[in-house]
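Examining the three-dimensional arrangement
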Amino acid sequence: MPSLNQDAETAATKLEVWQAIYERDVAMMEKSDNHHCQPHAVRRRIADAGTLIEVGWFLGKGKPIFGYSNTPENFESRMRRQLGARHADLGIEGFHLPDNLMIVGAVQSGGYPVFVPTDGKARGLDALDVFETCVEAAAQYFAKQP
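A few points on the structure. This is a predicted model, so every value here is computed, not measured. (Residues numbered from 1 in each chain as written. Predicted model: local features only at pLDDT ≥ 70, side-chain atom pairs only at ≥ 80, totals over all residues. Heavy atoms only, no water.)

Buried within helix α4 (residues 101-108) we find Ile-103, Val-104, Ala-106 and Val-107. Looking straight down α4, one finds that the buried residues subtend no more than 160 degrees of arc, so they occupy a single side. In this fold, the buried residues of α4 make contact with β1 (35-37), α2 (49-60), β2 (65-68) and β3 (114-115). Its side-chain oxygen at 2.7 Å from the backbone nitrogen of Met-102, Asn-100 defines the N-terminal cap of α4. (Buried < 20%, exposed > 50% of the residue type's maximum accessible area, 1.4 Å probe, protein only. Helix = DSSP H or I, 4+ residues; strand = E, 2+ residues; numbered from the N terminus. Arc of directions from axis to C-beta. Contact = heavy atoms within 4.5 Å. Polar contact = N/O pair within 3.5 Å; in protein donor to acceptor, adjacent residues only side chain to side chain.)

In this section: the pattern of salt bridges. Scanning the entire structure with this criterion turns up five salt bridges. Across the pair Arg-80 and Glu-76 runs a salt bridge whose closest N-O atoms are separated by 3.3 Å. Here Arg-80 and its partner Glu-76 are both found in helix α3 (residues 75-83), four residues apart, which amounts to about one turn of the helix. A salt bridge links Asp-99 to Arg-78; the shortest N-O distance between them is 3.8 Å. Taken together, the residues span a long stretch of sequence, with Asp-99 in the loop between α3 and α4 and Arg-78 in helix α3 at a distance of 21 residues. By relative accessible area, which is 2% here, Arg-78 ends up buried. In this structure, a network of salt bridges that share partners links the residues Asp-119, Arg-123 and Asp-129. (Salt bridge = Lys/Arg side-chain N within 4 Å of Asp/Glu carboxyl O.)

Here you go:
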């Protein structure tokens, strides 16, 4: 989902700001047939809270979720690199998945993987090839629906 923070400029109080963003996000999700998510962007190592809420919402509604990552590096490697050797014993998941096992499980529950670069090379935020693969999977999914 796109950032809905533009509502912050017109809201009078902090309560109205978060509430406006939340309500617009839910309204957009209600109108959507599926969700495409990039659980973590290249600049982040883990998914942001908004993406996690959206993934859970779509999962709860039984709507398909399609995920992708512009990096082939798995969650465990990214976290160990970010945290450093002194935190290697924090119980970081060692499943070699592209993201946290719960995110991957939610996406895969619809029958699709979290798509990653197949050539093993990371992409920048503006690269679209992995996203296009993800969109093609969604198109194939909906082509099979009655």
